[in-house]
Amino acid sequence: MVFEGKTPAQLARQLKDPKQNGGKTLEQIVNHVAEDSLVATAWNPAEGRTKPPLTHAEFGKQIREWIDKGAAVPNE
């Protein structure tokens, strides 16, 4: 996964950078995590994998909240 092993700061920079996020705006990122079937597969993992520690809906809500609050990059 492209997010594994990333610090919160690295992840935030990756999500905000169109060169690293598939050319998406922050608003498109919100839609992507909420509606893309590829993202949703994380909540129906294959054998040997585990579900994320929060629901898909909560994940979308937290991404929205992060963006609405300015999409800050945390300190390393």
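Residues numbered from 1 in each chain as written. Predicted model: local features only at pLDDT ≥ 70, side-chain atom pairs only at ≥ 80, totals over all residues. Heavy atoms only, no water.

Participant: Can you help me understand the overall build of the protein in this one?
Facilitator: For the protein, the helix and strand inventory stands at four helices and zero strands. Starting at the N terminus and walking to the C terminus, you meet the elements of the protein as α-α-α-α. Rg of the C-alpha trace for the protein: 13 Å, near the compact-globule value of 11 Å for 76 residues, within the 12% margin. When its C-alpha atoms are laid out on the principal axes, the protein stretches across 35 × 25 × 20 Å. Of all 76 residues assigned to the protein, the portion counted as buried reaches 18%. Taking as baseline every contact in the protein between residues at least 6 positions apart, the subset at least 24 positions apart corresponds to 47%. (Helix = DSSP H or I, 4+ residues; strand = E, 2+ residues; numbered from the N terminus. Rg over C-alpha atoms; globule rule 2.2 N^0.38 Å. Buried < 20%, exposed > 50% of the residue type's maximum accessible area, 1.4 Å probe, protein only. Contact = heavy atoms within 4.5 Å.)

Participant: Please explain the pattern of salt bridges as it appears in this structure.
Facilitator: Opposite charge on two side chains permits them to pair, given that their charged atoms come into close proximity. Counted according to the given criterion, the structure contains three salt bridges. Residues R64 and D68 are paired through a salt bridge, measuring 2.9 Å at the closest nitrogen-oxygen approach. Highlighted residues: R64 and D68, both in helix α4 (residues 56–68), separated by four residues, approximately one helical turn. Look at R64 and you get partly exposed, because its relative accessible area is 26%. Between E65 and K69 there is a salt bridge, with its nearest N and O atoms 3.0 Å apart. (Salt bridge = Lys/Arg side-chain N within 4 Å of Asp/Glu carboxyl O.)

Participant: Would you mind showing me how to read the environment of R13 here?
Facilitator: The residue R13 is located in helix α1 (residues 8–16) in this model. Overall, R13 belongs to the partly exposed group, its relative accessible area being 38%. What R13 contacts, discounting residues up to four positions off in sequence, is V73 and E76.

Participant: Got a minute to help me understand the packing of helix α2 (residues 26–35) against α4 in this structure?
Facilitator: Between two packed helices, both the angle of their axes relative to each other and the distance between the axes serve to describe the pair. Across the interface, α2 lies against α4 with an axial gap of 9 Å and an inter-helix angle of 175 degrees. With respect to α4, the axis of α2 lies roughly antiparallel. Across the interface between the two elements, L26, E27, I29, V30, V33 and A34 from α2 touch H56, F59, G60, I63, R64, W66 and I67 from α4. Taken together, the residues of the contact of α2 with α4 break down into nine nonpolar, two polar and two charged. (Axes fitted to C-alpha atoms, helices over the stretch in contact; angles between N-to-C directions. Parallel < 35°, antiparallel > 145°, perpendicular 65-115°, else oblique. Nonpolar A, V, L, I, M, F, W, Y, C, P; charged D, E, K, R; others polar.)

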